[in-house]
Amino acid sequence: MISERRLAILNLIIEHYLETGEPMGSKTLCQLLPYSVSSATIRNEMAYLSELGYLEQRHTSGGRVPSKASYRYYIDNLMQPQELNSYDRQRIEEVLSVNAGDPERLLNDAAKLISQYTHSLGFCCTIEDKLDCIQGVDLIPAGRSKAMLVMLTMGSKIKSSLINMPCPIDDDFRMLFYQVMNNLFIGTPLTEVNLALVQRCVLLAKERIFDLLPVLTSLCSLCSEASKSKLTFEGETNLLSHTELGNDVYRLLSFLADKEQMIRLSKYFAKSNMTKTIFIGDENPLMEMKNTSTIISKFTYGNNQVATLGMIASVRIDYKRIIPCVEYIFKTVDNLLSKGGTK
């Protein structure tokens, strides 16, 4: 058990450091504590907290700073969350409701909001689903020789592409288009839409196969895109202002630019029993992120589609403000996905 006085000292040191980035000494603590305690006593208490691994002393004569382990203790036991005001709650709900029917855009909007409200990096990742199928396809005229191909999957993914058409989109062509789609593509898994399937269209399209070819090529491309995990970052440059990261920020940004490791982390988290967590410092599964705090949440929607949403920052952030804000965005996203899904 840590005494009440030691907890008060630890809390003051952590919050002072999160706000200023500066160590705190015994004399400053004497002035901030609500009761009279000598500097010698406070130094003894700080030494005890250091032995527990909660405080560090960078210089022999300097004050104490919190360790990464102390942030976990702070969040779990000491932190007094700062409630989100009504204006910010309303703004979050309004921004996220715009694309509530399109999960990918909704998640992208949420990642952008996270980066704006936390001044950190926001991210979202839709996890690939090998069983996802084409639910519907439509072709919309878009000018004299162009058309918009729109595809909807059973997993609520919406993909579109602008195509240059070699022929008019008249009634005969539209009838052929829907016949081919209904016979060969609707209900087909995204991973099975390939050149072999396109070749089978010749039997239905016959001499008009060359008119249909741009549509089929574009549809293959959309299916390939929709069948893969997709990771989006928002606000990467925010990390440059996180002085705690120092020169490591450039290595971190270089690491994140590859995206593959973060996609693996999202897949790992998606398969776990956790729905939401905070990785602080060494708790992060990825070595390159040991100097960061990562907040991540998992969402299941539609036909068991899975996605992750979260933020990456230095370990020195305003946890009591940021955590409630990010959690409110998580909650709003979850509510919107549940309303739009079929689970």
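**Student:** I'd like a rundown of the overall build of the protein chain, residues and numbers included.
**Tutor:** A count of helical and extended segments in the protein chain gives 13 helices and 10 strands. Overall, the protein chain is about 95 × 40 × 35 Å in size when its C-alpha atoms are taken along their principal axes. Per-residue burial for the protein chain yields a buried fraction of 48% across its 343 residues. Within the protein chain, counting contacts between residues at least 6 apart in sequence, those at least 24 apart form 62% of the total. Carbon and sulfur atoms provide 49% of the accessible area of the protein chain, an area that totals close to 17300 Å². Across the protein chain, the 37 positively charged side chains and the 38 negatively charged ones have centroids separated by 2 Å.

**Student:** Residue-level account of the packing of helix α1 (residues 4–20) against helix α4 (residues 68–78), with values.
**Tutor:** Put simply, α1 and α4 touch, their axes get as near as 11 Å, and they point 115 degrees apart. Taken as axis vectors, α1 and α4 run roughly perpendicular relative to one another. For the pair α1 and α4, the sense of crossing is left-handed. Judged by residue contacts, Leu-7, Leu-10, Asn-11, Ile-14, Glu-15, Tyr-17 and Leu-18 of α1 engage Ser-70, Tyr-71, Tyr-73, Tyr-74 and Leu-78 from α4.

**Student:** Account for unusual backbone geometry, naming residues and giving values.
**Tutor:** A positive phi angle is found at Ser-156, which is not glycine, with a value near 70 degrees. Structurally, Ser-156 can be placed in the loop between β5 (146–153) and β6 (158–164). Despite not being glycine, Lys-206 shows a phi value in the positive range, around 50 degrees. On the secondary structure map, Lys-206 appears in the loop between α9 (202–205) and α10 (209–226).

**Student:** With reference to specific residues and values, describe the pattern of salt bridges.
**Tutor:** Between side chains of opposite charge, a pair can form when the charged atoms approach closely. As enumerated under the stated definition, the model contains 17 salt bridges in all. Across the pair Asp-138 and Arg-174 runs a salt bridge, and its minimum N-O distance is 3.7 Å. Separated by 36 residues along the polypeptide, Asp-138 in strand β4 (residues 134–141) and Arg-174 in helix α7 (residues 171–185) bring together distant segments of the chain. The exposure class of Arg-174 is partly exposed, given its relative accessible area of 24%. Where Asp-318 meets Arg-321, a salt bridge forms, and the shortest distance between an N and an O atom there is 3.9 Å. Via salt bridges that share partners, Arg-5, Arg-6 and Glu-45 belong to a single interconnected network.

**Student:** Help me get a handle on the nonpolar core, residues and values and all.
**Tutor:** With 56 residues, the main nonpolar core has Leu-96, Leu-309, Tyr-319, Ile-329 and Val-333 as its most contacted residues. Here this core gets 11 residues from one element, more than from any other, and that element is helix α13 (residues 319–340).

**Student:** Describe the sheet that holds strand β8 (residues 276–280), and please don't skip the residues or the numbers.
**Tutor:** Pairing is antiparallel across the open sheet formed by 5 strands, whose spatial order is β7-β3-β10-β9-β8. With partners counted over all chains shown, the strands left at the sheet margins are β7 (230–234) and β8, one partner each. Averaged over all adjacent pairs, the angle separating strand axes in this sheet is 15 degrees, with direction ignored. Pairing analysis gives 5 bridges linking β8 to strand β9 (residues 292–301), with the strands arranged antiparallel. Residue Ile-278 lies in a different strand from β9, and its bridge partner there is Ile-295. Here α13 sits on the sheet in contact with β8, β9 and β10 (305–314), set at roughly 15 degrees to β9.

**Student:** Would you mind going over the environment of Tyr-250 in detail, with residue names and values included?
**Tutor:** Looking at the secondary structure, you find Tyr-250 in helix α11 (residues 248–258). Tyr-250 gets classed as exposed once you look at its relative accessible area, which sits at 55%. Distance in space between the C-alpha atoms of Tyr-250 and Glu-19 is 23 Å, their sequence separation being 231 residues.

**Student:** Describe the sheet that holds β6, with residues and values.
**Tutor:** Strands sit in the order β4-β5-β6 across an open sheet of 3 strands; the sheet is antiparallel. Unpaired on one side and paired on the other, β4 and β6 mark the two borders of the sheet. Along the sheet, successive strands turn relative to each other by an average axial angle of 20 degrees, direction set aside. Alignment of β5 against β6, held across 7 bridges, turns out to be antiparallel. What sits directly across from Met-148, in β6, is Leu-162. Across the face of the sheet, α10 comes into contact with β4, β5 and β6 while running at roughly 150 degrees to β6.

**Student:** A description of the packing of aromatic side chains should follow, citing residues and the corresponding values.
**Tutor:** Under the criterion given, the structure shown has 4 aromatic pairs. Judged by centre distance (5.1 Å) and plane angle (45 degrees), the rings of Tyr-54 and Tyr-73 are tilted. Here the residue Tyr-54 occupies a position in the loop between α3 (39–51) and β1 (55–56), and Tyr-73 occupies one in helix α4, the gap between them amounting to 19 residues. No difference in accessibility class separates Tyr-54 from Tyr-73, as the two residues are buried. Considering the side-chain rings of Tyr-71 and Tyr-319, the 5.7 Å spacing of their centres and the 40 degrees angle between planes classify their relative orientation as tilted. In this pair, Tyr-71 sits in helix α4 while Tyr-319 sits in helix α13, placing the two residues 248 residues apart along the sequence. Judged by its relative accessible area of 1%, Tyr-319 is buried. The positively charged end of Arg-6 is found above the aromatic ring belonging to Tyr-48, 3.7 Å away from the centroid. In this arrangement the basic side chain of Arg-316 is found over the ring face of Tyr-17, its NZ or CZ atom lying 5.7 Å from the centre.

The rules behind these values
Residues numbered from 1 in each chain as written. Predicted model: local features only at pLDDT ≥ 70, side-chain atom pairs only at ≥ 80, totals over all residues. Heavy atoms only, no water. Helix = DSSP H or I, 4+ residues; strand = E, 2+ residues; numbered from the N terminus. Buried < 20%, exposed > 50% of the residue type's maximum accessible area, 1.4 Å probe, protein only. Contact = heavy atoms within 4.5 Å. Areas by Shrake-Rupley, 256 points an atom, 1.4 Å probe, with all protein chains shown as cover. Lys, Arg positive; Asp, Glu negative; His and termini not counted. Charge placed at Lys NZ, Arg CZ, Asp CG, Glu CD. Axes fitted to C-alpha atoms, helices over the stretch in contact; angles between N-to-C directions. Parallel < 35°, antiparallel > 145°, perpendicular 65-115°, else oblique. Left-handed = near helix turned anticlockwise from the far one by under 90°. Salt bridge = Lys/Arg side-chain N within 4 Å of Asp/Glu carboxyl O. Core = buried A, V, L, I, M, F, W, Y, C linked by side-chain atoms within 4.5 Å. Pairing = 2+ DSSP bridges. Phe/Tyr/Trp six-rings, centres within 6.5 Å; stacked < 30°, edge-to-face > 60°. Lys NZ or Arg CZ within 6 Å of the ring centre and 35° of its normal.

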